[in-house]
There are 2 protein chains.
Amino acid sequence: MSAPLYNRVALIGLGLIAGSIALAAKRRGLAQTVVGTARSAATRETAARIGLVDKVFETAAEAVADADLVILCVPVGAMASVAEDIAPHLKSGAVLSDVGSVKAAVIEAVAPHLPDNVVFIPAHPLAGTEHSGPEAGFATLYENRYCLLTPPEDTDAEDLSRYIAFWQGMGAKVETMDAEHHDRVLAVTSHVPHIIAYTMVGVADDLRRVTNSEVIKYSAAGFRDFTRIAASDPTMWRDVFLNNETATLEILGRFTEELFALQRAIRKGDGDHLHDYFTRTRAIRRGILDAGQDTDAPDFGRIKPE
Amino acid sequence: MSAPLYNRVALIGLGLIAGSIALAAKRRGLAQTVVGTARSAATRETAARIGLVDKVFETAAEAVADADLVILCVPVGAMASVAEDIAPHLKSGAVLSDVGSVKAAVIEAVAPHLPDNVVFIPAHPLAGTEHSGPEAGFATLYENRYCLLTPPEDTDAEDLSRYIAFWQGMGAKVETMDAEHHDRVLAVTSHVPHIIAYTMVGVADDLRRVTNSEVIKYSAAGFRDFTRIAASDPTMWRDVFLNNETATLEILGRFTEELFALQRAIRKGDGDHLHDYFTRTRAIRRGILDAGQDTDAPDFGRIKPE
């Protein structure tokens, strides 16, 4: 194993994402020491009990002291106050990053607090599950998953390549892009799918004529895939929508327009329109499978044909 | 193994659903002989080559001759013409069933063609995958899945219990309900989720600013779950929407109403509304897991935490 990329890594927040970074970084020898903190005492206690990091600190200010790499793993809405808290305690030359699902708003929230001698490289690993908390993390979460970086144009090349190597070391495929582009792409691939899934599950919950028990019993027909997405962390997702408002609303507008067109086709009995549309969408699935971004096992492998 | 429930079962259509019935019925000894036919010569040839059924016939009329149980496994839009074709050839006392995803429209399409000495018991197994065709079938598809029957009120009790035993023999949990209720429940648990998934995938395909390649690469963030649903058979789904128009449009109306409310909350920055909504939907997921209708493995078990 080669020398660690960082001597000391500090994780602020100790949920699924941070926990998985801690486990992967230690296993792959990417950091000499990984420390962390969380706002909730219960989370800190759990993390300490299961040995998620080498040391759990009470405060973010203590946790970042002497760290070469600090990663903010808190909901997007908490980034500004955490950045303000830790800014005076960051080591000169340290790299600061985050894992927020939106990037332009995080940069706006964090950058103003940072001293000049700290390098800010925003990141967004496209990985996660519907589970949350320190016990949900696992070392292989980032394997074969993308991690998108949105570094400022003047980022030092060596700082950047070292941080890229850190994510690659955890198995991720790293790409860089500008923050605004990131937010538009993610509105399509993640944010709008989530708000739609939340909505559909909410509608099902509201219907009294179709009882909850029936909705749950007969969910295998499609609905249960929505419930998995709609089981994601509420605080994280509230913050995503509040902080990627423009792109989310734009894509939602497109979605509604298309939905109304299909709705009209159903009302008018225009089977050709429906069939053409459904044939086109099938091709995208093929692209995702060819790109290795999902399994071709039927029902994601939930059922096992022999 | 006890005596077969039916001497001869005929399957009209030889895709995923019929193929799985054939394999399950033979393995569990539920039928002495399983025969079938399909409109497409290529499908008939594939089914014969892989030995999906005991005998493949050229026409539906030949296939149903002497069958004690005939199951229509064709798209909903084809039910009427198939029923008309086979009606003169059905054995007296035979049970006729189907596996269509909508029930009121199928009953309306099929029942008028049937002679009085044939027993019609409509069925809808809530099982399937995004794959289709004769090679997609497998014997365990129906295990632990619901099969909903919508028998007419005057159905003979013995005929009904035998047919229930047939599905239970393949591992399914059988429930009966009236056809209109079925169509409303399925609009929520299946039909509207599908039209929404198709729409979202179509929107992504349309966007030129967010290239297809990016949408595919970064699909793991939520979008890929929609693409699996939107990869389902286009003909089957066209027919579902054309034949469950009323319930689909009603639930779509509810969906749009809720979506607009969440959209307004995003625009107004109403974080409490979003957080409350997302917390409520999480509980439904828990209900589905408790009911044994999905796996709690993160990401449906696509990733394997150690």
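These figures come from a predicted structure and were not determined experimentally.

Novice: Would you explain the overall build of chain A in this entry?
Specialist: Across its full length, chain A holds 12 helices and nine strands. Reported as C-alpha extents along the three principal axes, the dimensions of chain A are approximately 65 × 40 × 40 Å. The buried share of chain A, reckoned over its 306 residues, is 60%. Partitioning the intrachain contacts of chain A with sequence separation of at least 6 by distance along the chain shows that 74% fall at a separation of at least 24. A total of about 11400 Å² of accessible surface is found on chain A, and carbon and sulfur atoms cover 48% of it. Here chain A carries 30 positive and 41 negative side-chain charges, and the mean point of each set is 8 Å from the other.

Novice: Explanation requested: helix H11 (residues 245–268) of chain A in the structure shown.
Specialist: Residues three or four positions apart in an α-helix share a direction because the helix packs 3.6 residues into each turn. Here H11(A) is 24 residues long and its end C-alpha atoms lie 34 Å apart, about the 34 Å a rise of 1.5 Å per residue gives. Two residues or fewer after H11(A) comes Gly269(A), characterised by a positive phi angle close to 70 degrees.

Novice: Can you help me understand a negative patch on the surface in this one?
Specialist: Residues and elements named next belong to chain A. Residues Glu-153, Asp-154, Asp-178 and Glu-180 make up a contiguous surface patch of negative charge. Tracing the backbone shows Glu-180 in helix H7 (residues 179–206). Glu-180 sits in the partly exposed class, given a relative accessible area of 46%.

Novice: Can you help me understand the domain arrangement of chain A in this one?
Specialist: Buried accessible area, meaning the area lost when the parts come together, often serves as the stated size of an interface. Residues and elements named next belong to chain A. Per the domain assignment, the segments making up chain A are domain 1 (6–177) and domain 2 (181–293). In this structure, domain 1 and domain 2 have C-alpha centres spaced 30 Å apart. With 20 residues of domain 1 at the contact, the number on the domain 2 side is 17 residues. Interface area, domain 1 with domain 2, both sides summed: about 1400 Å², of which 59% is carbon and sulfur. When the buried area of domain 1 at its contact with domain 2 is split by residue, Ser-101, Val-102 and Glu-130 rank highest and sum to 34% of it. One can count zero salt bridges joining domain 1 with domain 2. Scanning the region where domain 1 abuts domain 2 turns up five residue pairs in polar contact (both at pLDDT 80 or more). Those elements that place two or more of their residues in the side of domain 1 that touches domain 2 are helix H5 (104–110) and strand S8 (146–149). The class makeup of the residues in the side of domain 1 that touches domain 2 is 10 nonpolar, six polar and four charged.

Novice: Would you mind going over unusual backbone geometry with me for this structure?
Specialist: Leave glycine aside and you will find that most residues have negative phi; peptide bonds, for their part, are mostly trans. All names here are of chain A. We note that Asp-66 has phi near 70 degrees; this positive angle belongs to a residue other than glycine. Here Asp-66 shows up in the loop between helix H3 (60–64) and strand S4 (69–72). Residue classification places Asp-66 among the partly exposed residues on the basis of a relative accessible area of 47%.

Novice: Is there a simple way to think about the side chain of Thr46(B) in this case?
Specialist: By the secondary structure assignment, Thr46(B) is in helix H2 (residues 41–49). Those residues in contact with Thr46(B) that lie beyond four places of it in its chain are Pro134(B) and Glu135(B).

Novice: Help me understand the relation of the copies chain B and chain A in this model?
Specialist: Put simply, the second copy of the chain is the first one after a rotation about an axis and a shift along it. With an axial shift of 0.0 Å and an RMSD of 0.0 Å, the rotation relating chain B to chain A amounts to 180 degrees. Expressed as an axis order, the relation between the two copies is that of a two-fold axis.

Novice: What should I look at first to understand the environment of Gly271(A) in this one?
Specialist: By secondary structure assignment, the location of Gly271(A) is in helix H12 (residues 271–290). In this structure the C-alpha to C-alpha distance between Gly271(A) and Ile196(A), which are 75 residues apart in sequence, comes to 25 Å. Beyond its immediate stretch of four places on either side in the chain, Gly271(A) contacts Arg238(B) and Leu242(B).

Novice: Just checking my understanding: could you explain the interface of chain B and chain A for this structure?
Specialist: Facing 112 residues of chain B, the contacting portion of chain A comprises 112 residues. The largest per-residue losses of area from chain B upon contact with chain A belong to Tyr218(B), Ile266(B) and Phe278(B), which jointly make up 7% of the total buried on that side. Inspection of the region where chain B meets chain A yields six salt bridges. Put simply, Arg228(B) and Asp225(A) hold a salt bridge, and the shortest N to O gap is 2.6 Å. Across the chain B-chain A interface, the total number found is 26 residue pairs in polar contact (both at pLDDT 80 or more). Broken down by secondary-structure element, the contributors of at least two residues to the side of chain B that touches chain A are strand S8 (146–149), helix H7 (179–206), helix H8 (212–217), helix H9 (223–229), helix H10 (234–243), helix H11 (245–268) and helix H12 (271–290) of chain B. Of the residues forming the side of chain B that touches chain A, the biggest block, 22 residues, is contributed by H7(B). Considering only residue class, the side of chain B that touches chain A consists of 55 nonpolar, 27 polar and 30 charged.

Novice: What exactly am I supposed to notice about the pattern of salt bridges here?
Specialist: For side chains of opposite charge, pairing can occur when their charged atoms come near one another. For the structure on display, the rule yields 24 salt bridges over all chains. Across the pair Asp98(A) and Lys103(A) runs a salt bridge, and its minimum N-O distance is 2.9 Å. Assessed through its relative accessible area of 0%, Asp98(A) is described here as buried. Residue Lys103(A) is classed as buried on the basis of its relative accessible area, which comes to 0%. Between Glu58(B) and Arg44(B) there is a salt bridge whose closest N-O contact spans 3.9 Å. Highlighted residues: Glu58(B) in the loop between strand S3 (55–57) and helix H3 (60–64) and Arg44(B) in helix H2, separated in sequence by 14 residues. Exposure remark for Glu58(B): the relative accessible area of 58% places this residue in the exposed category. Look at the salt bridges and you will find they share partners, linking Asp66(A), Asp68(A) and Lys91(A) into a network.

Cut-offs applied
- Residues numbered from 1 in each chain as written.
- Chains lettered and ligands numbered in written order.
- Predicted model: local features only at pLDDT ≥ 70, side-chain atom pairs only at ≥ 80, totals over all residues.
- Heavy atoms only, no water.
- Helix = DSSP H or I, 4+ residues; strand = E, 2+ residues; numbered from the N terminus.
- Buried < 20%, exposed > 50% of the residue type's maximum accessible area, 1.4 Å probe, protein only.
- Contact = heavy atoms within 4.5 Å.
- Areas by Shrake-Rupley, 256 points an atom, 1.4 Å probe, with all protein chains shown as cover.
- Lys, Arg positive; Asp, Glu negative; His and termini not counted.
- Charge placed at Lys NZ, Arg CZ, Asp CG, Glu CD.
- Expected span 1.5 Å × (residues − 1).
- Patch = residues over 30% accessible without salt bridge, like charges linked within 9 Å, V, L, I, M, F, W, Y side chains within 5 Å.
- Salt bridge = Lys/Arg side-chain N within 4 Å of Asp/Glu carboxyl O.
- Domains from an automatic or database assignment.
- Buried area = accessible area lost by both parts, 1.4 Å probe.
- Polar contact = N/O pair within 3.5 Å; in protein donor to acceptor, adjacent residues only side chain to side chain.
- Nonpolar A, V, L, I, M, F, W, Y, C, P; charged D, E, K, R; others polar.
- Least-squares fit on C-alpha atoms with pLDDT ≥ 70 in both.

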